[in-house]
Amino acid sequence: MNAIVKPVRDWAFDAIGAWDRFWFAPTQPHTLAMIRILTGVMLFYTHLVWSLDLMAFLGPHSWITSDVVRQVHTLRENYAWSYLWYFESPAVLWTLHIMALVVFAMFTLGLFSRITAVLAYLITVAYCYRLDGALFGLDQINAMLAMYVMLGPCGGAYSIDRLIARWRAGGDLPPPQESVSANVAVRLIQLHMCIIYLFGGLAKMRGGSWWDGSAMWLSIANLEYQSWDMTWMAHYQLLIALLTHVTVFWEAFYCVLVWPRVTRPIVIFLAVCVHSGIALFLGMKTFGLVMLIGNLAFISPQTIRALVTAGVSIFRWEPEQVSKERMTATKR
């Protein structure tokens with residue numbers, strides 16, 4: 001009996017330990033901080049675009065008025081609330097809009113990040129609930145990233161908060177601390193990305209064009225979304241079919257293959273290829289970029305820190321090195 005119970009017990013303890021490490025192992029905040037920066041830039045840009053015709057979207061005579069939006073949510077029987085429902089004055093709406101942009105800018109820079117992260121999420125959701133009918137997948141991914149980023153110490157690295165803490169400490173500040181909340185926030189983004197891709201792949205499998213290999217051609221030949229003329233690919237039907245099947249396979253099995261260290265680089269590489277293609281060739285630049293920001297959750301903090309350090313070292317101005325180069329040039 002013990003020969004059966006002991007392996008089962010050991011397996012159960014191993015499974016519990018793995019689950020505990022997955023969620024609650026402390027990790028450094030560098031990945032979360034980088035996602036904060038890029039998400040903040042995306043939030044600032046996408047909401048800045050509303051400024052081009054703000055009253056047409058939010059004003060008293062907007063294309064979809066706030067009363068209609070509230071009725072739509074009531075008919076859908078879903079809970080929704082937005083502070084933008086209750087203001088129609090152009091002056092007030094512009095004031096609130098500028099304040100929102102300021103919050104997004106502070107969130108991006110990491111100034112009072114614990115507060116601005118929460119405000120950025122609430123503002124993003126408020127705009128989503130007010131602008132029903134003018135939303136796309138981009139806005140949903142923006143809201144998702146903002147929601148999870150606010151759960152962790154997103155200002156723990158690469159932030160003005162960090163610079164202020166260093167100044168208060170007299171220039172001597174230890175490295176960013178590892179925390180459980182940073183790990184939880186990143187894990188939630190990872191799992192949400194897996195769910196998005198899984199259902200996206202399953203939805204594609206319901207279409208015949210993804211089975212016969214023509215879906216990629218139907219996408220690049222669609223003039224409504226076409227950024228670059230890629231119709232020359234009509235002469236390479238096997239390539240089109242291959243790209244179609246690789247895309248649907250990658251999307252459907254992303255949630256399985258992204259976790260093992262052996263297959264993760266391949267999956268992330270394909271994500272870069274797919275979403276870069278969407279951004280460059282199908283006219284959806286912001287959507288392609290925001291999905292790549294979500295994929296950043298699978299890059300380790302150590303890799304993020306190494307890449308940032310390498311990037312800073314390339315652009316860093318070294319007076320001593322410059323002086324030596326000038327002396328060498330003078331001697332020559």
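Note that the coordinates shown come from a computational prediction; the quantities given were computed from them, not determined experimentally.

> How should I be thinking about helix H9 (residues 180-205) in this particular structure?
Note on helix geometry: an α-helix contains 3.6 residues per turn, so any two residues three or four positions apart are oriented the same way. Across its 26 residues, H9 extends 38 Å between first and last C-alpha, which sits within 8% of the 38 Å expected from 1.5 Å per residue. Ala182, Asn183, Ala185, Val186, Arg187, Ile189, Gln190, Met193, Cys194, Tyr197, Gly200 and Gly201 are the residues of H9 that are buried. Measuring from the side-chain oxygen of the N-cap residue of H9 to the backbone nitrogen of Ala182 gives 3.3 Å; that N-cap residue is Ser179.

> Sorry, what's going on with empty space enclosed by the protein here?
Using a probe with the size of a water molecule, rolled over the atoms, empty space left in the structure can be pinpointed. If you walk through the whole model with that rule in mind, you get one cavity of 30 Å³ or more. What lines the largest cavity is simply Thr46, His47, Trp50, Thr124, Tyr127, Cys128, Leu131, Leu135, Asp139 and Asn142. Looking at the lining of the largest cavity, the elements that each hand over two or more residues are helix H2 (30-50), helix H6 (113-130) and helix H7 (137-149). Its residues assigned to classes, the lining of the largest cavity shows five nonpolar, four polar and one charged.

> Even after reading the chapter, I still don't get the side chain of Arg36, so can you show me in this structure?
For Arg36, the location among the structural elements is in helix H2. For the buried residue Arg36, which engages in no salt bridge, the nearest side chain bearing the opposite charge is Asp161, 7.1 Å off. At 3.0 Å, the side chain of Arg36 forms a polar contact with the backbone oxygen of Phe107. The residues touching Arg36, leaving out its near neighbours within four places in the chain, are Phe107, Thr108, Leu109, Gly110, Val149, Cys154, Gly155, Ala157, Tyr158 and Ser159.

> Hey, could you run me through the packing of H7 against helix H14 (residues 285-295) in this one?
For any two helices packed against each other, one specifies the inter-axial angle together with the distance between the axes. Running from N to C, H7 and H14 cross one another at 25 degrees; their axes reach a closest spacing of 9 Å. Looking at the two axes, H7 sits roughly parallel to H14. Both H7 and H14 take part in a crossing whose hand is left-handed. Listed contacts from H14 to Gly137, Leu138, Ile141, Asn142 and Leu145 of H7 are Thr286, Phe287, Val290, Met291, Ile293 and Gly294. Partitioned by chemical class, the residues of the contact of H7 with H14 number seven nonpolar, four polar and no charged.

> Sorry if this is basic, but what is going on with the pattern of salt bridges here?
Should the charged atoms of two oppositely charged side chains come close, the side chains can pair. Summed over all chains, the structure comprises three salt bridges. Across the pair Lys204 and Glu251 runs a salt bridge whose closest N-O atoms are separated by 2.8 Å. Taken together, the residues span a long stretch of sequence, with Lys204 in helix H9 and Glu251 in helix H12 (residues 237-257) at a distance of 47 residues. Taking relative accessible area as the criterion, Glu251 reaches 9% and is therefore assigned buried.

> How do you make sense of the packing of aromatic side chains when you look at a structure like this?
For any pair of aromatic rings, geometry is given as the distance between the ring centres together with the angle between the planes. Per the counting criterion, the structure on display carries 15 aromatic pairs. A ring pair is formed by Trp50 and Phe57, whose centres lie 4.7 Å apart and whose planes are at 75 degrees; its orientation type is edge-to-face. Residues Trp50 and Phe57 agree in their burial class; the two are buried. An aromatic cluster is present here, built from Trp19, Phe22, Trp23, Tyr197, Trp250, Tyr254, Trp259 and Phe298 joined pairwise through their rings. The cationic tip of Arg187 hangs over the ring face of Phe22; the distance from NZ or CZ to the ring centre is 4.1 Å.

> Whenever I open this one, the confidence of the model for the protein confuses me. Can you help?
Any residue range with low pLDDT should be treated as having predicted coordinates unsuitable for detailed reading. Across the protein, the average pLDDT comes to 89, with 94% of residues at or above 70. The model gives residues 317-332 a pLDDT under 50, and that stretch makes one contact with residues more than four places away or in other chains.

> For this particular structure, what's the right way to read the nonpolar core?
For soluble globular proteins, the rule of thumb is that nonpolar side chains tend to be buried together. With 52 residues, the main nonpolar core has Leu58, Tyr127, Ile189 and Tyr254 as its most contacted residues. Among the nonpolar cores identified, the runner-up in size contains seven residues, and Ile220, Met230, Ile278 and Leu282 belong to it.

> Could you clarify how one ought to interpret a nonpolar patch on the surface in this entry?
On the surface, a nonpolar cluster with roughly 820 Å² of combined accessible area is contributed by Ile195, Phe199, Leu202, Met205, Trp211, Phe249, Phe253 and Val256. Top contributing element to the nonpolar patch by residue count: H9, with four residues. On the secondary structure map, Phe249 appears in helix H12. Assessed through its relative accessible area of 46%, Phe249 is described here as partly exposed.

> What am I meant to see in the layout of surface pockets here?
Approximately 900 Å³ is the volume attributed to the largest pocket. Met216, Thr247, Val274, Ile278 and Leu282 are the residues nearest the centre of the largest pocket, which is lined by 32 residues in total. Going through the elements one at a time, H7, H9, helix H11 (215-220), H12, helix H13 (264-281) and H14 are the ones with two or more residues in the lining of the largest pocket. In terms of residue count, the dominant contributor to the lining of the largest pocket is H13 (seven residues). Per-class residue counts for the lining of the largest pocket are 22 nonpolar, eight polar and two charged. For the second largest pocket, the calculated volume is near 620 Å³. Every residue lining the second largest pocket is counted, 26 residues in all, and those nearest its centre are Arg187, Gln190, Arg264, Ser300 and Pro301. Those elements that place two or more of their residues in the lining of the second largest pocket are helix H1 (2-24), H2, H9, H13 and helix H15 (301-315). Counting residues per element, the lining of the second largest pocket draws most heavily on H9, at five residues.

Calculation criteria
- Residues numbered from 1 in each chain as written.
- Predicted model: local features only at pLDDT ≥ 70, side-chain atom pairs only at ≥ 80, totals over all residues.
- Heavy atoms only, no water.
- Helix = DSSP H or I, 4+ residues; strand = E, 2+ residues; numbered from the N terminus.
- Expected span 1.5 Å × (residues − 1).
- Buried < 20%, exposed > 50% of the residue type's maximum accessible area, 1.4 Å probe, protein only.
- Polar contact = N/O pair within 3.5 Å; in protein donor to acceptor, adjacent residues only side chain to side chain.
- 1 Å grid on protein atoms, 1.4 Å probe; cavity = no way out; pocket = protein on both sides within 12 Å on 5 of 7 lines; lining within 4 Å.
- Points joined across faces, edges and corners; volume = space filled by probe spheres on them.
- Nonpolar A, V, L, I, M, F, W, Y, C, P; charged D, E, K, R; others polar.
- Lys, Arg positive; Asp, Glu negative; His and termini not counted.
- Salt bridge = Lys/Arg side-chain N within 4 Å of Asp/Glu carboxyl O.
- Contact = heavy atoms within 4.5 Å.
- Axes fitted to C-alpha atoms, helices over the stretch in contact; angles between N-to-C directions.
- Parallel < 35°, antiparallel > 145°, perpendicular 65-115°, else oblique.
- Left-handed = near helix turned anticlockwise from the far one by under 90°.
- Phe/Tyr/Trp six-rings, centres within 6.5 Å; stacked < 30°, edge-to-face > 60°.
- Lys NZ or Arg CZ within 6 Å of the ring centre and 35° of its normal.
- pLDDT = per-residue confidence, 0-100.
- Core = buried A, V, L, I, M, F, W, Y, C linked by side-chain atoms within 4.5 Å.
- Patch = residues over 30% accessible without salt bridge, like charges linked within 9 Å, V, L, I, M, F, W, Y side chains within 5 Å.
- Areas by Shrake-Rupley, 256 points an atom, 1.4 Å probe, with all protein chains shown as cover.

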